[in-house]
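One letter stands for each residue in the lines below.
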Amino acid sequence: MATYENLLVAKDGAVATVTVNREKALNALNAATLRELRACFGELQADDAVRAVIVTGAGPKAFVAGADIRELKENTPLSAKHIARVGQELFSFIERLGKPVVAAINGFCLGGGLELASACTFRVAAKNAQLGLPEVKLGVIPGYGGTQRLPRLVGIGRAMELILTGESIGADEACRIGLVNHVFEPAELMAKTREIVDKILARGPVAVRFALEVGYRGMDMPLDEGLNAESNLFGLLCTTEDMREGMAAFLEKRPAQFKGK
Ligand code: CO8
């Protein structure tokens with residue numbers, strides 16, 4: 001892996017943890033960090049040994065407190081559109097990485113931070129997390145996908161209340177509305193996140209990959225096309241060694257030994 005100025009990347013077995021590391025600015029996403037995230041996720045996608053990614057923020061206070069407002073305020077309409085597209089493309093790349101990406105939200109998760117988390121496969125949070133899209137307080141709107149992904153995650157009414165008031169919500173409320181899946185004690189966040197990721201890693205790797213692919217592609221399809229895509233991949237999975245192993249293991253009452261083939 002390359003080394004990055006604004007990211008820490010650690011690999012442990014098949015899991016890579018990417019930590020946004022600008023603690024003094026509450027891990028705000030400046031242009032350099034966006035570029036590094038794109039390069040880093042490109043590397044992680046290409047690395048077959050990496051089968052899942054956890055994203056978090058450095059320090060005890062923030063996941064990511066948004067786009068870097070110091071840079072944002074210098075934008076012209078054209079440069080703002082360009083940087084919004086750069087961020088959107090990055091987050092779409094993360095969303096369609098082909099590997100599960102879990103956001104471990106360890107504090108403030110605001111603006112671009114919540115947009116990053118929303119592009120992850122799912123989110124878990126520490127009890128002290130605060131989540132919101134405060135852009136309207138700055139006279140702008142979410143620009144890294146927040147107006148599109150948040151309604152898909154929590155429904156248009158709840159999303160619009162968050163976007164239009166700019167107010168943030170705590171971890172328990174985020175869990176209640178389905179924005180995060182679990183809330184953990186801050187000290188346990190990373191270990192508990194890893195436990196969930198390890199469950200995924202124990203499952204059939206090709207099945208996990210296909211489920212991710214068809215689940216996301218189906219979001220952009222009419223139901224009938226999505227169902228057809230699902231049945232095609234189901235059929236394809238019936239050609240794999242993993243399918244034979246998974247079903248044999250069940251019938252023989254033993255854990256499956258998947259090979260990803
Ligand atoms: N950008 C830059 N610096 C930041 C940011 C940020 N988003 N958030 C915090 N910081 C900095 C502060 O300026 C401060 O720096 P310094 O010590 O040099 O003054 C340091 O981090 C610590 O922050 P605070 O002293 O403010 O810490 P508090 O605990 O008092 O408050 C808050 C924490 C509530 C999180 C507060 O920092 C805050 O409100 N931050 C801004 C949150 C926000 O508005 N985020 C949305 C930004 S806009 C956005 O994300 C748009 C995305 C789409 C972009 C599209 C491209 C065109």
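Residues numbered from 1 in each chain as written. Predicted model: local features only at pLDDT ≥ 70, side-chain atom pairs only at ≥ 80, totals over all residues. Heavy atoms only, no water.

1. What to know about the side chain of N30
The following threshold applies: Secondary structure elements follow DSSP: runs of H or I of four or more residues count as helices, runs of E of two or more count as strands, with numbering from the N terminus. The criterion used for residue contact is that any of the two residues' heavy atoms lie within 4.5 Å.
With respect to the helices and strands, the residue N30 is situated in the loop between strand 2 (15–20) and helix 1 (31–46). In this view, N30 contacts N6, R22, D68 and E71; residues no more than four positions away in its chain are not counted.

2. So, the packing of helix 9 (residues 205–219) against helix 10 (residues 223–237)
Selection rule: Note on method: axes are straight lines fitted to C-alpha atoms, helices fitted across the in-contact stretch only, with angles between N-to-C directions ranging 0 to 180 degrees. Roughly parallel refers to an angle under 35 degrees, roughly antiparallel to one over 145, roughly perpendicular to one between 65 and 115, and oblique to any angle outside these ranges. Ten residues, namely Ala, Val, Leu, Ile, Met, Phe, Trp, Tyr, Cys and Pro, are considered nonpolar, four, namely Asp, Glu, Lys and Arg, are considered charged, and the remaining ones, Gly among them, are considered polar.
Taken N-terminus to C-terminus, the directions of helix 9 and helix 10 make an angle of 170 degrees; their axes are 10 Å apart at the nearest point. In terms of their interaxial angle, helix 9 and helix 10 are classed as roughly antiparallel. Together, V206, A207, F210, E213 and V214 of helix 9 and G226, A229, E230, L233, L236 and L237 of helix 10 make up the contact between the two elements. When the residues that make up the contact of helix 9 with helix 10 are grouped by side-chain class, the tally is eight nonpolar, one polar and two charged.

3. Some points on the site of the ligand
Rule in force here: The cutoff for a nearby residue is simple: one of its non-hydrogen atoms must lie within 4 Å of the molecule or strand. We define a polar contact as two N or O atoms separated by no more than 3.5 Å, with the added condition that, inside protein, one atom must be a possible hydrogen donor and the other a possible acceptor, whereas residues neighbouring each other in sequence contribute only through side-chain atom pairs. Using a 1.4 Å probe, the Shrake-Rupley method yields the accessible areas, and only the shown protein chains count as cover for residues.
Surveying the vicinity of the ligand reveals 25 residues, the closest of which are K61, A65, A67, I69 and G112. I69 has a polar backbone atom sitting 2.9 Å from a nitrogen atom of the ligand. Contact with the protein chains removes 66% of the 1100 Å² of surface that the ligand exposes when unbound. Contributions of two or more residues to the shell around the ligand are made by helix 2 (69–72), helix 3 (77–95), strand 6 (108–110) and helix 4 (112–119). Looking at the shell around the ligand, its residues break down into 15 nonpolar, four polar and six charged.

4. What about the nonpolar core?
Here is the rule: Definition of nonpolar core: a set of buried residues of the types Ala, Val, Leu, Ile, Met, Phe, Trp, Tyr and Cys, connected through side-chain atoms within 4.5 Å. Summary of the burial criterion: residues with accessible area below 20% of their type's maximum are buried, those above 50% are exposed, and those between are partly exposed, where the area comes from a 1.4 Å probe applied to protein chains only.
Counting residues in hydrophobic clusters, the biggest one holds 48 residues, and the most contacted among them are F41, V53, F63, I105 and L131. With sequence-adjacent residues up to four places away left out, V53 is seen in contact with A16, V18, F41, L44, L97, P100, V101 and V102. Listed in part, the 15 residues of the second largest apolar core include A14, I54, V102 and L189.

5. Considering the pairing of strand 5 (residues 101–105)
Our working definition: Strands qualify as paired when DSSP identifies two bridges or more between them.
Buried residues dominate strand 5, accounting for five of its five residues. Burial of strand 5 is two-sided: the residues V101, A103 and I105 facing one way and the residues V102 and A104 facing the other way are all buried. The pairing of strand 5 with strand 7 (residues 122–126) spans four bridges and is parallel. The residue bridging I105 from the neighbouring strand is A125, located in strand 7.

6. Focus: the sheet that holds strand 9 (residues 169–170)
Ordered in space as 4-6-8-9, the four strands form an open sheet in which the pairing is mixed. The strands lining the two open edges of the sheet, one partner per strand, are strand 4 (62–64) and strand 9. Here strand 4 pairs with strand 6 via two bridges, running parallel. Bridge assignment links A62 to a residue of strand 6, and that residue is F108. Running at roughly 90 degrees to strand 6, helix 4 makes contact with strand 4, strand 6 and strand 8 (130–132) of the sheet.

By themselves, these observations are geometric and do not establish any function.
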